[in-house]
Amino acid sequence: MIEFIKPNLSHIKAMQNLVEDEVANGIILPRSDDEVATNIRSYLIGVENGEVIAYAALHIHSPNLAEIRSIVVSKNHRGKGIGSKIVENLLKEASNLQIKKVFTLTFRQSFFENLGFIVIPKTQLPEQKIWADCVKCKHFPICNEIALIYKV
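It should be emphasised that the depicted structure is a prediction, and the values quoted were computed from it without experimental measurement.

### What about empty space enclosed by the protein?
Under the defined criterion, the tally for this structure stands at one cavity of 30 Å³ or more. Its boundaries defined by the atoms lining it, the largest cavity holds a volume of some 40 Å³. In this structure, the largest cavity is lined by Gln-16, Val-19, Ile-28, Leu-29, Pro-30, Arg-31, Val-36, Tyr-43, Tyr-55 and Ser-70. For the lining of the largest cavity, the per-class residue count stands at seven nonpolar, two polar and one charged.

### Some remarks on the pattern of salt bridges
Side chains that carry opposite charge are capable of pairing whenever their charged atoms lie near each other. With the rule as written, the count across this model stands at four salt bridges. One salt bridge connects Glu-93 with Lys-6, and the closest N-O pair in it is separated by 3.2 Å. Linking Glu-93 in helix H3 (residues 82-96) with Lys-6 in the loop between strand S1 (2-5) and helix H1 (12-24), this pair joins segments that are 87 residues apart in sequence. Among the ionic pairs, Lys-75 bridges to Asp-21, the shortest N-O distance being 2.7 Å. Remark: Asp-21 occurs in helix H1 and Lys-75 occurs in the loop between strand S4 (65-73) and H3; sequence separation between them is 54 residues. According to the relative accessible area criterion, Lys-75 is exposed, its value standing at 53%. According to the relative accessible area criterion, Asp-21 is partly exposed, its value standing at 37%.

### Regarding the sheet that holds strand S6 (residues 118-120)
With mixed pairing, seven strands are arranged side by side in an open sheet as S1-S2-S3-S4-S5-S7-S6. The sheet is open, and its two borders are formed by S1 and S6, each paired with just one other strand. Averaged over all pairs of adjacent strands, the angle between strand axes in this sheet comes to 30°, irrespective of strand direction. Helix-sheet contacts for H3 involve S1, strand S2 (43-48), strand S3 (51-62), S4, strand S5 (101-106) and strand S7 (146-151), and the interaxial angle to S3 is about 35°.

### Side note on the pairing of S2
Of all the six residues making up S2, five are buried; the element is thus mostly covered by neighbouring parts of the structure. In the sheet, S1 pairs with S2 via four bridges, with the strands oriented antiparallel. In the strand pairing of S2, Phe-4 is matched with Gly-46. Here S2 pairs with S3 via six bridges, running antiparallel. By the bridge assignment for S3, Leu-44 is matched with Ala-56. Counting the residues in the hairpin turn of S2 and S3 gives two residues, including Asn-49, whose phi is positive at 50°.

### A few points about the packing of aromatic side chains
Inspection of the entire model under this criterion finds four aromatic pairs. Centroid distance Phe-111 to Phe-112: 4.9 Å. Interplanar angle 90°. Geometry classified as edge-to-face. With respect to class, Phe-111 is no different from Phe-112; both count as buried. Between Phe-112 and Phe-117, the aromatic rings sit 5.1 Å apart at their centres with planes inclined by 80°, giving edge-to-face as the arrangement. An aromatic cluster is present here, built from Phe-111, Phe-112, Phe-117 and Tyr-150 joined pairwise through their rings.

Conventions adopted
All residue numbers refer to position in the chain's written sequence, counted from 1. Local features are withheld for residues below a pLDDT of 70 in this predicted model, meaning they are given only at 70 or higher, and side-chain atom pairs are given and counted only at 80 or more; totals for whole chains, interfaces and linings count all residues. Side-chain numbers come from the whole structure's heavy atoms, not from hydrogens or water. The pocket and cavity definitions rest on a 1 Å grid over protein atoms only: a 1.4 Å probe that fits but cannot leave marks a cavity, an open set with protein on both sides within 12 Å along at least five of seven lines marks a pocket, and residues lining either have an atom within 4 Å of a point. Grid points are joined across faces, edges and corners, and a volume is the space filled by probe spheres set on the points. When residues are sorted by character, Ala, Val, Leu, Ile, Met, Phe, Trp, Tyr, Cys and Pro go into the nonpolar class, Asp, Glu, Lys and Arg into the charged class, and all the rest, Gly among them, into the polar class. Counted as salt bridges are all cases of a side-chain nitrogen of Lys or Arg within 4 Å of a carboxyl oxygen of Asp or Glu. Segments assigned H or I by DSSP are reported as helices when at least four residues long, segments assigned E as strands when at least two residues long, and all are numbered from the N terminus. Summary of the burial criterion: residues with accessible area below 20% of their type's maximum are buried, those above 50% are exposed, and those between are partly exposed, where the area comes from a 1.4 Å probe applied to protein chains only. Only strands joined by at least two bridges in the DSSP assignment are considered to pair. The convention used is that axes are lines fitted to C-alpha atoms, helices contributing only their stretch in contact, and that angles between N-to-C directions extend from 0 to 180 degrees. What makes two residues a contact is simply this: any of their non-hydrogen atoms within 4.5 Å. Here a Phe, Tyr or Trp ring, Trp counted by its six-membered ring, pairs with any other such ring whose centre lies within 6.5 Å, and the pair is stacked when the planes are under 30 degrees apart, edge-to-face when over 60, and tilted otherwise.

Structure below.
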């Protein structure tokens, strides 16, 4: 059975190992252990038999806007609805925090559309997102990710 919990600092190594291939392939932005530690409260992990098999983050940009980012599911567990469950839990957290909109940048447009997100122009994203995160991407400035938003 998969349990969705807030991670603690001892989970960072397993989280970094899980995302390693996606970072190497330019699917997910690299984050240092220190950056993960600083933002540990924004993550939600999926754990099965004590092993971290999935995670994502709800990163708050303003009182009305957050971002779902760094979503990853282990290769052995893909296609089982785990990613959807993490996103649904993070949307519930956003609602509890009274955040009005949650956006994401992704290569998996249909995954997020199936969860109720709609495509928006990237020009609607907060400028700090571009300068804080996007400049770290190996694809910057030629971004072919799709921006989507969910109204909570």
